[in-house]
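Observations on the three-dimensional arrangement
Chain residues, written in single-letter form:
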Amino acid sequence: MKRNAINSGLKSVKSDVLIVGCYEGALENSSTFKQLNGAGNSLLKRFAAAEDFTGKNGQTLSHFADGASGAQTVLLVGLGERNKLNLQTLRTALVKAFRAVRGMKRPGAVTFAPLSLAGTSLTHLELAETFSAYAGMLDYRINHQKTAKLRFSEPGRIESLQLITSGLSAKTRSLAGLGLHNGGAIADAVNLARNLSNEPAKDCTPQRLAAVAQSIADNSGGTITCKLHGKAELEAMGANALLQVNAGSPLDPVLIELTYTPSTGATKEVLGFVGKGITFDSGGLDLKPADGMRNMKRDMAGAAATLAAIEAVAKLQLPISVKCFVAATENMCDGKAYKPGDVIHTMGSIAVEVDNTDAEGRLTLADAIAYAKTQGVTCIVDLATLTGAVKQIGGDVAAGAFSNDDAFLAVVDKAATRADEKLQPIRMYDELRGFNDTEMADVKNSGGALAGSTTAAFFIREFVEYGGNTVPWVHLDIAGTAFRDRELGADPRGATGFGVRTLIELARSAARKNRK
Ligand code: BES
Ligand code: MN
Ligand code: ZN
């Protein structure tokens with residue numbers, strides 16, 4: 001999708017769709033609306049009245065432009081009251097607008113008409129970025145493998161986006177151009193995460209994730225470096241939790257490590273992103289039933305989100321150092337598979353009794369976090385499709401958020417809100433920690449059915465905090481939000497790319513703080 005800020009009149013703009021933002025109850029104050037209506041013998045005004053289109057937030061009305069504009073179709077979208085327009089109301093309106101575009105036969109070139117932002121709390125930079133990002137996220141089509149053999153034909157896609165910036169100052173125009181670019185990088189990252197997590201496990205293997213990580217580094221213009229730690233190295237490192245989870249799989253494990261260093265130089269603060277990268281979770285010998293296994297090709301959604309996010313951070317050239325860690329493996333069962341009752345001496349030297357081979361994610365995260373701590377990260381956010389139980393809390397709307405540091409949790413929660421993703425912070429009451437105790441080892445990998453999401457968080461927390469060199473940490477349990485069986489907001493059915501935008505906003509806020 002090409003994206004450009006253009007200087008063009010409504011009449012001369014060549015486009016398939018012209019999106020016109022309309023403030024509620026003020027259609028005729030809009031110079032764009034007036035122009036289109038005037039050139040079309042008041043058709044637009046009469047049509048809007050006939051359809052009760054008043055500009056209420058999220059209303060849409062599409063109309064053949066009939067020569068009033070160089071565009072083929074005019075799509076009016078209600079923005080709600082002018083004094084209430086902010087990032088959130090703009091997003092709601094754009095979601096509706098791009099859903100309407102998605103329903104069109106040939107969206108092709110889509111143009112956003114000039115919009116006055118006076119009296120709103122939005123800037124043209126924010127408008128451009130949001131327009132660009134939401135176009136990309138809503139134009140997403142699942143990476144299916146349909147052929148044309150049986151009645152299938154590809155639907156039309158948005159090919160290019162234009163934002164008309166005539167009438168704005170040169171400075172504002174260039175900010176709008178930057179916004180279009182940044183929004184494109186954000187949408188591309190979200191869509192990359194969605195694609196990876198929609199891919200069949202047969203294709204999206206640990207080796208595939210490693211190749212994606214390598215190509216992110218290769219395409220970063222030297223700002224991202226990639227280290228891939230293979231099986232022999234993992235043995236030498238003592239990454240026994242990852243190796244044991246991997247034992248039943250014919251595919252080798254890999255510990256992926258990406259490092260982003262801003263071109264302006266490394267920063268003192270180093271964000272650590274850790275993603276759960278189970279490319280298929282059969283449950284292991286504690287085999288999942290069919291229903292529970294059906295979506296387990298997506299058990300690497302956290303990994304996908306962290307890889308995609310660091311790529312976007314580099315494209316946005318944020319002045320903050322970021323590292324990303326993914327312990328990638330399948331969780332399978334065969335004669336070599338790890339067993340309930342086994343004791344694993346993990347990389348962090350903590351001894352873990354395997355209570356349930358289906359609680360594999362926290363084992364791989366344990367090694368990834370132990371390793372991350374040796375690589376100089378100053379805080380950690382992990383993203384993991386960790387527990388089915390988290391759906392009892394946030395449903396498919398909010399990810400569970402657990403932390404050892406209230407201030408850092410507040411920073412991450414704020415970034416999520418800014419990013420239009422929802423978190424449900426959950427307190428970690430100390431009385432629950434004991435559920436992970438066992439007489440056979442330091443800790444066991446399942447705390448049982450009571451408060452399963454919190455006991456899982458307590459397990460991970462042991463690895464964040466052992467040895468005294470604790471770092472601020474937030475764990476996002478995305479088992480309910482990484483994929484859904486319904487469309488929601490800017491997300492399609494299936495993989496959502498949840499967490500990508502939160503991580504990007506977190507990096508932005510860390511970069512801002514760093515600059516001060
Ligand atoms: N990958 C699953 C969790 C999951 C469930 C993710 C549903 C997405 C949707 C995880 O590895 C798992 O199996 N968790 C167990 C933990 C239990 C054995 C302690 C669970 O949630 O049942
Ligand atoms: Mn599992
Ligand atoms: Zn899992």
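Whatever comes next refers back to the structure up there.
Residues numbered from 1 in each chain as written. Chains lettered and ligands numbered in written order. Predicted model: local features only at pLDDT ≥ 70, side-chain atom pairs only at ≥ 80, totals over all residues. Heavy atoms only, no water.

A tally of helices and strands in the chain yields 15 helices and 19 strands. Its C-alpha radius of gyration of 25 Å places the chain within 12% of the 24 Å reference for a compact globule of 516 residues. Taken along the three principal axes of its C-alpha coordinates, the chain extends 85 × 60 × 45 Å. Counting only contacts in the chain whose residues sit at least 6 apart along the sequence, the fraction spanning at least 24 positions is 77%. On the chain, roughly 20900 Å² of surface is accessible, and the fraction owed to carbon and sulfur atoms is 51%. Measuring between centres, the 57 positive side-chain charges of the chain sit 10 Å from its 53 negative side-chain charges. (Helix = DSSP H or I, 4+ residues; strand = E, 2+ residues; numbered from the N terminus. Rg over C-alpha atoms; globule rule 2.2 N^0.38 Å. Contact = heavy atoms within 4.5 Å. Areas by Shrake-Rupley, 256 points an atom, 1.4 Å probe, with all protein chains shown as cover. Lys, Arg positive; Asp, Glu negative; His and termini not counted. Charge placed at Lys NZ, Arg CZ, Asp CG, Glu CD.)

Moving on, we come to the site of ligand 1. Close contacts around ligand 1 come from 17 residues, with Asp281, Lys288, Asp299, Asp358 and Gly388 the closest. One of the side-chain nitrogen or oxygen atoms of Lys288 is found 2.8 Å away from an oxygen atom of ligand 1. Here a nitrogen atom of ligand 1 sits 3.3 Å away from a polar atom, N or O, in the main chain of Leu386. Considered on its own, ligand 1 offers 520 Å² of accessible surface; in the complex 80% of this is hidden by protein. Class assignment for the residues of the shell around ligand 1 results in four nonpolar, five polar and eight charged. (Near = heavy atom within 4 Å. Polar contact = N/O pair within 3.5 Å; in protein donor to acceptor, adjacent residues only side chain to side chain. Nonpolar A, V, L, I, M, F, W, Y, C, P; charged D, E, K, R; others polar.)

The protein atoms that coordinate the zinc ion (ligand 3) are Lys276 (NZ), Asp281 (OD), Asp299 (OD) and Glu360 (OE), at distances spanning 2.0 to 2.4 Å. Taken together, the six donor atoms coordinating the zinc ion (ligand 3) and their angles of 79 to 173° define a geometry best described as octahedral. For the zinc ion (ligand 3), the donor residues sit on a single chain with the sequence spacing K-x4-D-x17-D-x60-E. Here the manganese ion (ligand 2) and the zinc ion (ligand 3) are spaced 3.2 Å from one another, each receiving a donor from Asp281. Within this pair, whereas Lys276 is found in strand E9 (residues 270-281), its partner Asp299 is found in the loop between helix H9 (290-293) and helix H10 (301-315), the two being separated by 23 residues in sequence. You can call Lys276 buried: its relative accessible area is 3%. (Donors = N, O, S within 2.8 Å, 3.2 Å for Na, K, Ca; no water. Tetrahedral: all angles 85-135°; square planar, octahedral: opposite > 155°, others 65-115°. Buried < 20%, exposed > 50% of the residue type's maximum accessible area, 1.4 Å probe, protein only.)

Our next topic: the side chain of Glu129. Summarising the element assignment, Glu129 is placed in helix H4 (residues 124-138). Under the relative-accessibility criterion, Glu129 is labelled buried at 15%. If near-sequence neighbours (up to four positions away) are discounted, Glu129 is found in contact with Gly179, Leu180, Asn182, Gly183, Ile186 and Arg508.

Before going further, it helps to spend a moment on the state of the cysteines. Tallied over the full model, the rule gives zero disulfides. Not engaged in a disulfide, the cysteine Cys333 finds its nearest cysteine sulfur in Cys204; these two sulfurs lie 20 Å apart. In this structure Cys333 comes out as partly exposed when scored by relative accessible area, which is 34%. The structure places no disulfide on Cys379, whose sulfur is separated from the nearest cysteine sulfur, that of Cys324, by 13 Å. (Disulfide = S-S within 2.5 Å.)

So, on to the packing of aromatic side chains. In this description, an aromatic ring pair is defined by two values, namely the gap between the centres and the angle between the planes. If you walk through the whole model with that rule in mind, you get four aromatic pairs. Aromatic pair Phe112 and Phe131: ring centres 5.1 Å apart, planes at 50°, arrangement tilted. Here Phe131 lies in helix H4 and Phe112 lies in strand E5 (residues 108-112), a separation of 19 residues in the sequence. Residues Phe112 and Phe131 agree in their burial class; the two are buried. Aromatic side chains Phe459 and Phe463 sit 5.2 Å apart centroid to centroid with 40° between the ring planes, which places their arrangement in the tilted category. (Phe/Tyr/Trp six-rings, centres within 6.5 Å; stacked < 30°, edge-to-face > 60°.)

To continue, consider the packing of helix H5 (residues 170-198) against helix H15 (residues 500-515). The interhelical angle for the contact between H5 and H15, taken along N-to-C directions, is 140°, at an axis separation of 9 Å. Overall, the two elements H5 and H15 adopt an arrangement that is oblique. For the pair H5 and H15, the contacting residues are Asn182, Ile186, Ala189, Val190 and Ala193 in the first and Val500, Arg501, Ile504 and Arg508 in the second. Considering only residue class, the contact of H5 with H15 consists of six nonpolar, one polar and two charged. (Axes fitted to C-alpha atoms, helices over the stretch in contact; angles between N-to-C directions. Parallel < 35°, antiparallel > 145°, perpendicular 65-115°, else oblique.)

With distances of 2.1 to 2.2 Å, the protein atoms coordinating the manganese ion (ligand 2) are Asp281 (OD), Asp358 (O), Asp358 (OD) and Glu360 (OE). Classification of the site at the manganese ion (ligand 2) as irregular follows from its six donor atoms and the range of 72 to 170° in their angles at the metal. For Asp358, a relative accessible area of 24% gives the class partly exposed.

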